[in-house]
Amino acid sequence: QVSLLVDKEKQRLLLYTFTQNGPQLKQILPCTTGSNHFDKFKKGDNSTPEGVYFIKRSIEGAALKRLGGDYGNMVFVLSYPNIFDRLLGKDGYGIWLHGSNQGLKPWLPQATHGCVVMNNADLLEIAHTIYPGKTPLIITKKVIWVTPEEIEKWDKEIHSFLYKWKTSWGN
């Protein structure tokens, strides 16, 4: 199982695999996102949505050529808008993970209409790990890294708070 994580602030895609020891970071690849740095809310706002999306299907070969435009060698169609987006009144369509025949240079910095764009070679390198309907693509404004010790500390604090609340409620 593979998960993809897009960090909009750093303009990179992180590929994680899952093992018995938990998630393992396997690759960090450059990408670019929408020219509007905010979360996507409506069609035409040039924003890349933030949330958890799934790869619905791929488009390549003759079908890709019929689309025209610079989508590189492959397109992965995302499940935007998902149910949570629709509940928030977000709209739009055509948000894809795709390559570029010209590399990232014409797309930098953050110049897409909302898609996540990668170099063709990088996208083709990871394409074999992507399974429609199963591979999540998580897009976030900024990835915040925490240590296992910080997670353990927060876990203890939350459990302590809940125990105190339960005891207080019981009294």
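In what follows, the structure referred to is the one given above.
Residues numbered from 1 in each chain as written. Predicted model: local features only at pLDDT ≥ 70, side-chain atom pairs only at ≥ 80, totals over all residues. Heavy atoms only, no water.

K.L.:
For this particular structure, what's the right way to read the sheet that holds strand β5 (residues 74-78)?
P.N.:
For sheets, the rule is that strands pair by backbone hydrogen bonds, running either parallel or antiparallel. An order of β3-β2-β1-β8-β4-β5-β6-β7 is seen for the eight strands of this open sheet, with the pairing classed as mixed. Single-partner strands in this sheet number two, and they are β3 (22-30) and β7 (116-117). One ladder, built from eight bridges, connects strand β2 (residues 12-19) with β3; its direction is antiparallel. Each residue of the ladder has a partner; that of Leu15, found in β3, is Gln27. (Pairing = 2+ DSSP bridges. Helix = DSSP H or I, 4+ residues; strand = E, 2+ residues; numbered from the N terminus.)

K.L.:
Just checking my understanding: could you explain helix α4 (residues 148-170) for this structure?
P.N.:
Relative to the 33 Å expected for 23 residues at 1.5 Å per residue, α4 spans 33 Å between its end C-alpha atoms, a close match to the ideal helical length. Of all 23 residues that make up α4, zero are buried, and the element is exposed over most of its length. (Expected span 1.5 Å × (residues − 1). Buried < 20%, exposed > 50% of the residue type's maximum accessible area, 1.4 Å probe, protein only.)

K.L.:
Help me understand unusual backbone geometry, please; the structure alone is not making it clear to me.
P.N.:
Apart from glycine, the bulk of residues carry a negative phi angle, and the bulk of peptide bonds sit in the trans form. Of note, the bond from Tyr80 into Pro81 is cis; its omega dihedral lies within 30 degrees of zero at -5°. By the element assignment, Pro81 lies in the loop between β5 and α2 (83-87). We note that Gln11 has phi near 55°; this positive angle belongs to a residue other than glycine. One can find Gln11 in the loop between β1 (2-7) and β2.

K.L.:
Can you help me understand the nonpolar core in this one?
P.N.:
Most often, soluble globular proteins keep nonpolar side chains buried together rather than apart. Residues Leu4, Leu13, Phe76, Leu97, Met118, Ile126 and Leu137 are the most contacted members of the largest nonpolar core, which totals 23 residues. Within the residue set of this core, elements represented by two or more residues are β1, β2, β4 (51-60), β5, α3 (120-127) and β8 (136-140). Those residues in contact with Phe76 that sit more than four places away from it in its chain are Ile55, Arg57, Ser58, Trp96, Leu97, Leu123, Ala127 and Ile130. (Core = buried A, V, L, I, M, F, W, Y, C linked by side-chain atoms within 4.5 Å. Contact = heavy atoms within 4.5 Å.)

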